[in-house]
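Tertiary structure, described
Listed below are the residues making up each chain.
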Amino acid sequence: MDLTIILLMILASIGGAVLYTLIGIAPGTDETAVLAPVTLAMILLGVSPYVVLAFFFSAIVAKKLTDSIPVAVAGIPGGVMAAPMVEHAMVLKEHGLPDVSIRKMASGSVIGTLVSLPLSLLVASLIIPYAETISKHAGLIFFLGAVFLALMASNKILSLLMILPFALLIQGLRQLYWETGIVPADTTVFVSFFLGITIGPVVFKLFELMNKDVRDKEYTEKEKDITFKRQQQYKGFPNPFKILTKQEIGTSAAGAGLGTLTFFLTPVGMTIFLGEALTRHIKDPVKRASRAISTMDGLTNASYISGTLIPLLAIGLPLSPMAIGPANALFNAPPVMTPENNFHHIMSMSEIMIAAVIGSAVAIVLTFYATIKYSNQICAFVFKRIPHEALIGLFAGLVVMLAFMDAGWVNIFGVLLVALISGLLHRFGVNYGVMFMVLYAAPWLMGVIG
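Read on for a plain summary of the structure. Just so we're clear, the structure is a prediction, and the values are computed from it rather than from any experiment.

Reading the values: the criteria
- Residues numbered from 1 in each chain as written.
- Predicted model: local features only at pLDDT ≥ 70, side-chain atom pairs only at ≥ 80, totals over all residues.
- Heavy atoms only, no water.
- Salt bridge = Lys/Arg side-chain N within 4 Å of Asp/Glu carboxyl O.
- Helix = DSSP H or I, 4+ residues; strand = E, 2+ residues; numbered from the N terminus.
- Buried < 20%, exposed > 50% of the residue type's maximum accessible area, 1.4 Å probe, protein only.
- Expected span 1.5 Å × (residues − 1).
- Polar contact = N/O pair within 3.5 Å; in protein donor to acceptor, adjacent residues only side chain to side chain.
- Patch = residues over 30% accessible without salt bridge, like charges linked within 9 Å, V, L, I, M, F, W, Y side chains within 5 Å.
- Areas by Shrake-Rupley, 256 points an atom, 1.4 Å probe, with all protein chains shown as cover.

Under the counting rule described, the total for this entry stands at four salt bridges. Lysine 104 is the partner of glutamate 248 in a salt bridge, and the nearest nitrogen-oxygen pair spans 2.8 Å. Pair noted here: glutamate 248 is in helix α15 (residues 246–261) and lysine 104 is in helix α6 (residues 98–127), with a separation of 144 residues, a long-range link. Its relative accessible area of 5% is what places glutamate 248 among the buried residues. Measuring nitrogen to oxygen at the nearest pair gives 3.5 Å for the salt bridge that ties lysine 205 to glutamate 208. Of this pair, lysine 205 and glutamate 208 both sit in helix α12 (residues 200–208), three residues apart, roughly one helical turn. Judged by its relative accessible area of 21%, glutamate 208 falls in the partly exposed class. Through salt bridges with shared partners, one network takes in Lys205, Glu208 and Arg427.

If you want it as structure tokens, here you go:
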């Protein structure tokens, strides 16, 4: 790793921080849908792994720092992981403290990042002796992971029942492509099916709107008014350890530590469970809300970092919801990256950590400063000037392009089929993690049945 690569990593980190600062504020952006296609495209274009990794960590830290801003000012989560914080942020807004809410959440994210990076390295070091055994039983582990996540889903019965049919769909399409010669027999279509799952809810909603009755119910002539409270100006570079109280620092660090240790569990579920468990004893509503949002933001940031770093450092297989979702391309982006030859294999532990530290540090310096100083202005700009539909169109276009690159025109319709079924399942309570685990376990599962 020479000076040129380090400079490129810093530039990529700056680009990731700026881009995902804006994307993070856009309401309703799903982390997997906005992170996975861009990371995948960079890898397929041949960008240096060091640069890609620095960009990715900068992106996830920036995204997590800013997706709480629309929660504080408008009660609208900027991403899926920000949804559990809406109730507490609204308590602070009702007391005229949205600026305090933003600072608490952003500071909690910084604490989560600082705790998670070294702790992830420690946990990964403890797992490494068992990495070979884990890799040998990857198919079984993915299947058990699908069952485990299904039992934690909101619709447990459907989540369990869909495992085998969904595996049949995935392997059936692959077999069709092999039999008809669309792809060679030694090529496994993976990337586009993965992306089909990520955009499933959006595609299903778009097709649903083709029904006039559904469209009429969604139609409204009223515009939603969003008001911004003038926030107090913060002088100098903000210090998260001064913005948070000692108790908030403690629970943010504790939440981040627990989030890191439970990297293999669903981040949303752990955020709600641990965030409430660590703060439910506080009686004062303002103090409780402040403690809850800082703790939850620390936990979500830590779970995202650890969920990527630990599998990447120790095993080289995506054995966490984060690794199998937004970070999936770091483990499997054929033909450039495969489970047998990915970032885990081509970069040393120290190189992976350097990239993670550079990306995280750049995002903290740029995005944390901008979040504390200019959150209202940034939020107003995104709400006024960046249509949500434009972001959806951008990522949908990337998916179509990558589907064509994977297996031609026919695969665009194959991905559409996967997306529609995934969207329907998601609508009825089957989370992404279950479907991603089935995507990985499908060859093993069909082999066992056969």
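This next bit is on the environment of methionine 9. Along the chain, methionine 9 falls in helix α1 (residues 3–25). Placed 43 residues apart in sequence, methionine 9 and valine 52 show a C-alpha to C-alpha distance of 7.9 Å.

What follows concerns helix α17 (residues 285–314). For α17, spanning 30 residues, the distance from its first C-alpha to its last is 42 Å, which sits close to the expected 44 Å at 1.5 Å a residue. The element α17 is extensively covered by neighbouring structure, given that 27 of its 30 residues are classed as buried. Where α17 begins, the side chain of aspartate 284 points an oxygen toward the backbone nitrogen of valine 286, at a separation of 3.0 Å.

Our focus in this paragraph is a nonpolar patch on the surface. The grouping of Leu3, Leu7, Leu8, Ile10, Leu11, Ile14, Val18, Phe237, Val365 and Leu366 at the surface amounts to a nonpolar patch, some 900 Å² of accessible area in total. Ranked by residues supplied to the nonpolar patch, first place goes to α1 with seven residues. Tracing the chain through its elements places isoleucine 10 in helix α1. Taking the relative accessible area as the measure of exposure, isoleucine 10 reaches 33% and is therefore partly exposed.

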